[in-house]
Structures are given as C-alpha cells and as structure tokens.
Amino acid sequence: MVREEVKKVAASRRAVAVPSLQKAVLILDLVGRRGRLPFSIIQKTLALPKSTTHQLLKALTNVGALQILTDGGFMLGPKICELGILGIRQRTIDSLSLKHLELLADQSGFPCEIATFEGRDAVVLASASPDGGARSAGCEGKRWPLHRVATGKALLAFLDEVDRKRLFADLDWTKATPRSIASPDAMLRELDLVRERGWALDDREALDDTSCIAAPVFDGRNRVVAAVATVGQADLITPERYEALAELVRNAANAVSQAVREA
C-alpha cells in the first residue's frame, strides 16, 4: 500500500515537471537563437510569470545550461555547448561504426549494434547482420531502458558519477523479466563488475530469450559516448562463450573509439 502511494506521488511530481521542462526548453531555444538576452526580454517574449522565469533561469544557470553575464543578461552555458558537441559526434558514430559492426557480426556469427544515450534509454544508432551488410538506424532505432540491456550498462558504468546518479533517480526499477536487476544498489554492484572486466552482460534481463554482450566507446576526451554489442538467443550466448565474444566486442568498440577520436 505504501509502495503504491509512493508511486502515485512520484507520478504526480513527473506530471508537474513536464510543463516546467517544456518552458525551460523554450528559454534555451530563445537564448540560443537570439543570444545574450536580459531577464525582461525572456519573460515578456515567452509570456511567462516573473516568478516562473526567475526559477527556471536560476535552475538552468545552476546546471550550466545558461550563463549569467556581468550586465545581468543570459547566454548559453558550457553544459549546453558540451552537449551540442556530443550530439554532433554521436550522429557521426553510426557511419563511423558500420564497417566495424559488419566485421564483428561476421566474426561472432550474431547480429551486432551500436547504441548511445537518449534520456533514460539506450537508442540503437546502427546494426549489422552476420548474413552481410550494416545500416544506420536513423530515427527508427530501437530503444531500451539503460539498466535492462548490456549497451545501457556499458554506458552507465563509465558515465560521470553525478550524471549516473541523476539517471538512476529517474529509472523505473520494475522487473521486465525474472532476471532483471531491480534496485539501484544491485545495479551499482553490476556496474563495478563492468568497469573491472571492461564489458557488460545482459542475460535475459530485457527479453526472456535474448542475451547481449557490450563494450563502451570513448571519444577523444575519454568520455563514454556509445556502446557496441553482439546480440543473440540466450541459449546460444552461453557462459562458456562469454569471454571469447567479449574480446571480439571489445576489439570492435576500441576500433570505433579510434575512429571517433580521429573524426
């Protein structure tokens, strides 16, 4: 009963947060397009209450999305600039990874994919089949909760601790299958293991019949930006094959990392 009440309160808070998020995005879009705007222009242009504008500007400044100038105006902050650069890089990762995914699929005998962050999800950027050929997923890339799949674990394990905590607070820990990890503490222990061995495993945690092994991709500043994975039927990706498959996946992820750094 208590758990149900907690869920209702959390859902209510998320419902309230959505309009605020939309307003925050409008502010970022306005400042990004017009640059160096004072409080009064932002508030009047978007027809927001002064108190709401003040709260949103303060929150956006606190997280580095906006930067306040000496004259009291606002411009885009370092966090937004950083994310913009990451976004551009991530959109080139799919094309840079295709030949490496194709090779991995040929070597492993399993379908392969590369995924990156998008909110709470790991979204597939490109994939390859052992039958031949690799392709970019475009806007139709599959999405999986970060804590359910190996690509998501590989991303979370090497993410900055502050960002990881922020994501953990917004994840749904309800089990998708009997093998799903169902708590932040258990996931933290799992991520410690991922960092120790350099690869992540999803053993029927998102789907009852599917297993996956993944390894992280890093950019030139050694930040995790994607994860490469081999995916197959759980009865074929067995514990006896983990190490051999993990080595192939890590080699492919390292090759993509090198391509990203040189791009």
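Details of the structure are given in the entry above.
Everything in this summary refers to the structure shown in the same document. Note that the structure is a prediction, hence the values are computed from the model and not measured.

**Considering the packing of aromatic side chains**
Then step 1. Per the counting criterion, the structure on display carries three aromatic pairs.
Then step 2. Taken together, a centroid distance of 5.5 Å and an interplanar angle of 90° make the contact between Phe 158 and Phe 218 edge-to-face. One end of the pair, Phe 158, is in the loop between helix H5 (150–157) and helix H6 (161–168); the other, Phe 218, is in strand S8 (residues 210–218), with 60 residues separating them in the sequence.
Then step 3. Phe 218 sits in the buried class, given a relative accessible area of 16%.
Then step 4. Over the ring of Trp 199 we find Arg 197, and its NZ or CZ is 3.9 Å from the ring centre.

**Examining the pairing of strand S3 (residues 112–118)**
Then step 1. Of all seven residues making up S3, six are buried, and the element is well covered by its neighbours.
Then step 2. Relative to strand S4 (residues 121–128), S3 runs antiparallel, the two being bridged by seven bridges. Residue pairing in the sheet places Phe 117 in a bridge with Ala 122 of S4.
Then step 3. The hairpin formed by S3 and S4 contains two residues between the paired strands, and Gly 119 there has a positive phi angle of roughly 65°.
Then step 4. As paired elements, S3 and strand S9 (residues 224–233) share four bridges and run antiparallel to each other.

**Here we look at the environment of Gly 32**
Then step 1. With respect to the helices and strands, the residue Gly 32 is situated in helix H1 (residues 2–34).
Then step 2. Taking the C-alpha atoms as reference, Gly 32 lies 9.8 Å from Gly 77; in sequence the two are 45 residues apart.

**Section: the nonpolar core**
Then step 1. Residues Leu 146, Leu 155, Leu 156 and Phe 168 are the most contacted members of the largest nonpolar core, which totals 28 residues.
Then step 2. Sorting the residues of this core by element identifies S3, H5, H6, helix H7 (184–197), S8 and S9 as the ones contributing at least two each.
Then step 3. A total of five residues in this core trace back to one element, the largest contributor, which is H5.
Then step 4. For Leu 156, the contacting residues outside a window of four places in its chain are Leu 146, His 147, Arg 164, Leu 167, Phe 168 and Leu 191.
Then step 5. One finds Leu 101, Leu 104, Ile 114 and Leu 201 within the second-largest nonpolar core, a separate group that totals 27 residues.

**Focus on the layout of surface pockets**
Then step 1. Considering only enclosed or pocket space, the second largest pocket measures out at about 410 Å³ in volume.
Then step 2. Lining the second largest pocket we find 19 residues, and of these Glu 113, Val 124, Lys 142, Trp 144 and Val 231 sit closest to its centre.
Then step 3. When contributions to the lining of the second largest pocket are tallied by element, the ones reaching two or more residues are S3, S4 and S8.
Then step 4. Of the residues assigned to the lining of the second largest pocket, the class counts are 10 nonpolar, four polar and five charged.

**Structural notes on the pairing of S4**
Then step 1. The buried fraction of S4 amounts to six of the eight residues, a majority that puts the element mostly inside the structure.
Then step 2. Sheet topology places S4 next to strand S6 (residues 143–145); three bridges connect them, and they run antiparallel. What sits directly across from Val 123, in S6, is Arg 143.
Then step 3. Sheet topology note: the S4/strand S5 (residues 134–136) ladder contains three bridges and is antiparallel.

Calculation criteria
- Residues numbered from 1 in each chain as written.
- Predicted model: local features only at pLDDT ≥ 70, side-chain atom pairs only at ≥ 80, totals over all residues.
- Heavy atoms only, no water.
- Phe/Tyr/Trp six-rings, centres within 6.5 Å; stacked < 30°, edge-to-face > 60°.
- Helix = DSSP H or I, 4+ residues; strand = E, 2+ residues; numbered from the N terminus.
- Buried < 20%, exposed > 50% of the residue type's maximum accessible area, 1.4 Å probe, protein only.
- Lys NZ or Arg CZ within 6 Å of the ring centre and 35° of its normal.
- Pairing = 2+ DSSP bridges.
- Core = buried A, V, L, I, M, F, W, Y, C linked by side-chain atoms within 4.5 Å.
- Contact = heavy atoms within 4.5 Å.
- 1 Å grid on protein atoms, 1.4 Å probe; cavity = no way out; pocket = protein on both sides within 12 Å on 5 of 7 lines; lining within 4 Å.
- Points joined across faces, edges and corners; volume = space filled by probe spheres on them.
- Nonpolar A, V, L, I, M, F, W, Y, C, P; charged D, E, K, R; others polar.

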